[in-house]
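Residue-level structural notes
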Amino acid sequence: MQNLVIAATESTPDVNFDFETGQFALRGESWPENAAAFYRPLLDALESWKPENGGQAEVNIALRYFNSSSTKMLFSLFDLFNQLAQNGQTVELNWFFDEEDDVSEEFGQELALDFTDLQVNLRAELVS
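Everything numeric in this text was worked out from a predicted model, so none of it was measured. (Residues numbered from 1 in each chain as written. Predicted model: local features only at pLDDT ≥ 70, side-chain atom pairs only at ≥ 80, totals over all residues. Heavy atoms only, no water.)

1. A few points about the overall build of the protein
Defined as follows: Helical segments are the DSSP runs of H or I of at least four residues, strand segments are the runs of E of at least two, and each set is numbered from the N terminus. As a reference, a globule follows 2.2 Å times the number of residues to the power 0.38, and the radius of gyration itself is taken over C-alpha atoms. Under the scheme applied here, a residue whose accessible area is under 20% of the maximum for its type counts as buried, over 50% as exposed, and between as partly exposed, the area being computed with a 1.4 Å probe on protein chains only. Working definition of accessibility: Shrake-Rupley area with a 1.4 Å probe, residue cover restricted to the visible protein chains.
Scanning the protein from terminus to terminus reveals three helices and six strands. Helices and strands appear in the protein in the N-to-C order β-β-β-α-β-α-β-α-β. What you see for the protein is a C-alpha radius of gyration of 14 Å, in line with the 14 Å of a compact globule of 128 residues. Each of the 128 residues in the protein was classed as buried or not, and the buried ones make up 44%. Total accessible area on the protein is roughly 7000 Å²; 43% of this is exposed by carbon and sulfur atoms.

2. So, the packing of helix 1 (residues 35–48) against helix 2 (residues 68–86)
Using the following cut-off: With axes taken as lines fitted to C-alpha atoms, and helix axes fitted only over the stretch in contact, angles between N-to-C directions fall between 0 and 180 degrees. Orientation labels follow simple angle bins: below 35 degrees gives roughly parallel, above 145 gives roughly antiparallel, 65 to 115 gives roughly perpendicular, and whatever is left gives oblique. Whether two residues are in contact is decided by their heavy atoms: any pair within 4.5 Å suffices. In this classification, Asp, Glu, Lys and Arg are treated as charged, Ala, Val, Leu, Ile, Met, Phe, Trp, Tyr, Cys and Pro as nonpolar, and every other residue, Gly included, as polar.
At a closest axis distance of 9 Å, the pairing of helix 1 and helix 2 adopts a crossing angle of 5°. Viewed along their axes, helix 1 and helix 2 adopt a mutual orientation that is roughly parallel. Residues Ala35, Ala36, Tyr39, Leu43, Leu46 and Glu47 of helix 1 form the contact with helix 2, whose participating residues are Ser69, Ser70, Met73, Leu74, Ser76, Leu77, Leu80, Phe81 and Leu84. Of the residues in the contact of helix 1 with helix 2, the class split is eleven nonpolar, three polar and one charged.

3. Quick look at helix 1
Which entries qualify depends on this criterion: Multiplying 1.5 Å by the helix residue count minus one yields the expected span of that helix. Here a polar contact is taken to be a pair of N or O atoms separated by no more than 3.5 Å, where protein atoms must pair a possible hydrogen donor with a possible acceptor and residues adjacent in sequence count only if both atoms sit in side chains.
An ideal rise of 1.5 Å per residue puts 20 Å on 14 residues; helix 1 measures up with 20 Å between its terminal C-alpha atoms. Three or more residues of helix 1 are buried, namely Ala35, Phe38, Tyr39, Leu42, Leu43, Ala45 and Leu46. Lining the buried residues of helix 1 we find strand 1 (4–6), strand 2 (14–18), strand 3 (23–30) and helix 2. The N-cap residue of helix 1 is Asn34: its side-chain oxygen and the backbone nitrogen of Ala36 are 3.3 Å apart.

Written out as structure tokens, the structure is:
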């Protein structure tokens, strides 16, 4: 399966989905005019991915800012990772947030509560 790499713009994050290694990353800001149009190729690619049973995936999310429409799409993305975990994958989600950003930290805590099959790690670091 072909990797998915999208360069960041002012309003969209850097995307690096490496299906061969099971490494997935979003970094930057997410406030596209049409979040569904931006995230649909990511969701489609993840839905098409057929990893080996018992494999591992690492998801690294470091978003400085994301708007409400991006939040909905992120939940769809995390739901797909959660389904992979329910089907035997080990999925580690690293949620990076600025230690002074309570909203982002609380969002990460919510992810841990909502997606119980993911191994969610909250990482207070400088998000650039």
